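# What the coordinates show
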Amino acid sequence: MPLTAFQNTFAGNPLDRASERRGDTAWLAEMQASAESLAIVLWNGRPLVETTAGGGVQLAYVPATISDELAGGVERLLFMGLWKDTAVFAVDIEGGVDPAEGPLRGVGSFEDLRAIALRLPGSEAAIAATAKSMFEWRRRHRHCAACGEPSVVVDGGWKRQCPTCKAEHFPRTDPVVIMLPYLGDRCMMGRQEAWPPGMFSALAGFVEPGESIEEACARELAEEAALKAVSVRYHSTQPWPYPSSLMIGLIAEVENDQAAPDQTELSEVRWFTRDEARDLLAGKIEGVFAPGPLAIAHQLLKAWVEEG
């Protein structure tokens, strides 16, 4: 059961992470060798999926007994957790040769997670996102940050340890505030020059050391749009596996409507009335559009519209 009434895409991983079993190498080996255990497979960050009768997709599970062969060792193997009594693993495969044309022929196809996320069951999108984030972390942190020597995977893939200096390294998630500023019955969205023409979205930025969420929100509004936050309230969060962020969704009241894009992060800003924002969500404003339902920015705008 979700902890809150609202849940963004990539949230809601239903697996019991069973973190207390990660250090038990004998148990992990037993689970991996069990005919009952399952594994999901990612190739270059793309999950292996199969189509369903209704035109959707679902994760294509393979027997965990072949996971070690597919992974080629523990470096690319992850213990995801338990579905009831069934152990679930994830395998990370890299390279230019599509495994769906080789050892996994006939099982399914590897698809871009962002492209299929809304077609996947929500729980499976969350499972795939967890695996993708973990493998991205491990790929980017193969050497010890303390002494520079190669580190090794331990705890079922959830920790890296340096054999030389014994330092332990844990997965990192970067907190990002993403906020919809509003004043009265209007909200403001911005766009970056690199985005598709006509796309406007919420403002966002990384939380810096020593900042609260509210302080980060106020700083980003001031830096990007010269707006002063009056109050900040929480809406929801979204795990974002690109590569591994936690989007903290906020709705922020601002002091005035004298916004000015900084021309670095934002090239343009635009205010929308509630009715205009409703039309924006429905795709009824020619030449202008908002992010789709996959993105938390869409959900912030939708929540603000529904308040009126």
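What comes next concerns the included structure. (Residues numbered from 1 in each chain as written. Predicted model: local features only at pLDDT ≥ 70, side-chain atom pairs only at ≥ 80, totals over all residues. Heavy atoms only, no water.)

## Some remarks on the pairing of strand 1 (residues 38–43)
The line we're drawing: Type-normalised accessible area, obtained with a 1.4 Å probe on protein chains alone, sets the label of each residue: buried when under 20%, exposed when over 50%, and partly exposed for intermediate values. Only DSSP runs of H or I with at least four residues qualify as helices, and only runs of E with at least two residues qualify as strands; both kinds are numbered from the N terminus onward. Only strands joined by at least two bridges in the DSSP assignment are considered to pair.
Most of strand 1 sits inside the fold, with 5 of its 6 residues counted as buried. In this sheet, strand 4 (residues 62–63) lies alongside strand 1 in antiparallel orientation, the contact comprising 2 bridges. By the bridge assignment, L38 is partnered in strand 4 with P63. In terms of strand pairing, strand 1 meets strand 2 (residues 46–51) through 2 bridges, oriented antiparallel. Across the sheet, residue L42 finds its bridge partner in strand 2, namely P47. Remark: 2 residues form the turn of the hairpin made by strand 1 and strand 2, two consecutive strands paired antiparallel; N44 in that turn has positive phi of roughly 50°.

## So, empty space enclosed by the protein
Put simply, the rule reads: Cavities and pockets are found on a 1 Å grid laid over the protein atoms alone: a cavity is a set of points where a 1.4 Å probe fits but cannot escape, a pocket is an open set with protein on both sides within 12 Å along at least five of seven lines, and a lining residue has an atom within 4 Å of such a point. Grid points are joined across faces, edges and corners, and a volume is the space filled by probe spheres set on the points.
Within this structure, the stated rule accounts for 1 cavity of 30 Å³ or more. Volume-wise, the largest cavity comes out at about 50 Å³. If you trace the largest cavity, you find it lined by E75, R76, D92, F135, R138, R139 and R142. Residue contributions to the lining of the largest cavity peak at 3 residues, all from helix 4 (residues 122–140).

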